[in-house]
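Below, each chain spelled out in residue letters.
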Amino acid sequence: EGGVHAYELEWDEITLEWAEFRRDIIGVAPSIIKNAHTGLKEGSFLQKLHDNYDEMGLVSPPSVYDKSTIYVSPSPLRALSERCTWLSRSPNDDDYGKVLLRRGVPEEQILEWFTDPMVKLPKAAAVTVGSEAVAKGKSVKLSSIIEDKDTSQCTALLVGLYDTTLFGPSQEAGCHCTIS
């Protein structure tokens, strides 16, 4: 029968990158969605689901555009936001939320980031969106710079953004945090 089932997964980012998980294991990634006419990633969960939908009790093959079939958070921050929303958690009740809080990012800032605001990139940040480099000091949607980033990369970017907000661009020294 119908219903929503959520799974919370954890893995070592050295073994499997966030982008690899979305693209290769699940079969969901911006490049696949933009090129949906070329087909799903061979061997991915969605490709197997598409090919065997009737055996799995679906009335039609799933579409890469249909997030009701399977959805994978595009970033660690988005996953945190979704867990806080769907599971009625606060960042302080979540492992990744605790990481950001330990790095000095206050809960109010984390909650503001859940709204996907425009942010000004730190001058020390080298960021790409898709395959394009983003100019340092440019304002962009937060989600665009953290999508498909591993937890350590996402954390470093977020702490750097908060440091820039806290100290201002003229005093910015970059983040000298140890990510563990």
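In case you missed it, the structure is sitting above this.
What counts, and where the lines are drawn
- Residues numbered from 1 in each chain as written.
- Predicted model: local features only at pLDDT ≥ 70, side-chain atom pairs only at ≥ 80, totals over all residues.
- Heavy atoms only, no water.
- Phe/Tyr/Trp six-rings, centres within 6.5 Å; stacked < 30°, edge-to-face > 60°.
- Buried < 20%, exposed > 50% of the residue type's maximum accessible area, 1.4 Å probe, protein only.
- Helix = DSSP H or I, 4+ residues; strand = E, 2+ residues; numbered from the N terminus.

## Some points on the packing of aromatic side chains
Each aromatic ring pair is specified by the distance between its two centres and by the angle formed by the two planes.
1) Next: Taken as a whole and judged by the stated rule, the model has 2 aromatic pairs.
2) Next: The interplanar angle of 40 degrees and the centroid separation of 5.8 Å between the aromatic rings of Trp11 and Trp18 together place this pair among those described as tilted.
3) Next: Taking relative accessible area as the criterion, Trp11 reaches 29% and is therefore assigned partly exposed.
4) Next: Taking relative accessible area as the criterion, Trp18 reaches 12% and is therefore assigned buried.
5) Next: Between the aromatic rings of Trp11 and Phe21, the centroid separation amounts to 4.5 Å while the plane-to-plane angle is 35 degrees, which identifies the pairing as tilted. One end of the pair, Trp11, is in the segment before α1 (18-26); the other, Phe21, is in helix α1, and 10 residues separate them in sequence.

## Section: unusual backbone geometry
1) Next: For Ser88, which is not glycine, the phi torsion reads 55 degrees and is therefore positive.
2) Next: Inspection of the secondary structure puts Ser88 in the loop between α4 (76-86) and α5 (95-102).
3) Next: For Ser88, a relative accessible area of 67% puts it in the exposed group.
4) Next: In the Ramachandran plot, Asp148 falls in the positive-phi region, its phi being about 65 degrees despite a non-glycine side chain.
5) Next: One can find Asp148 in the loop between α7 (142-146) and α8 (151-167).

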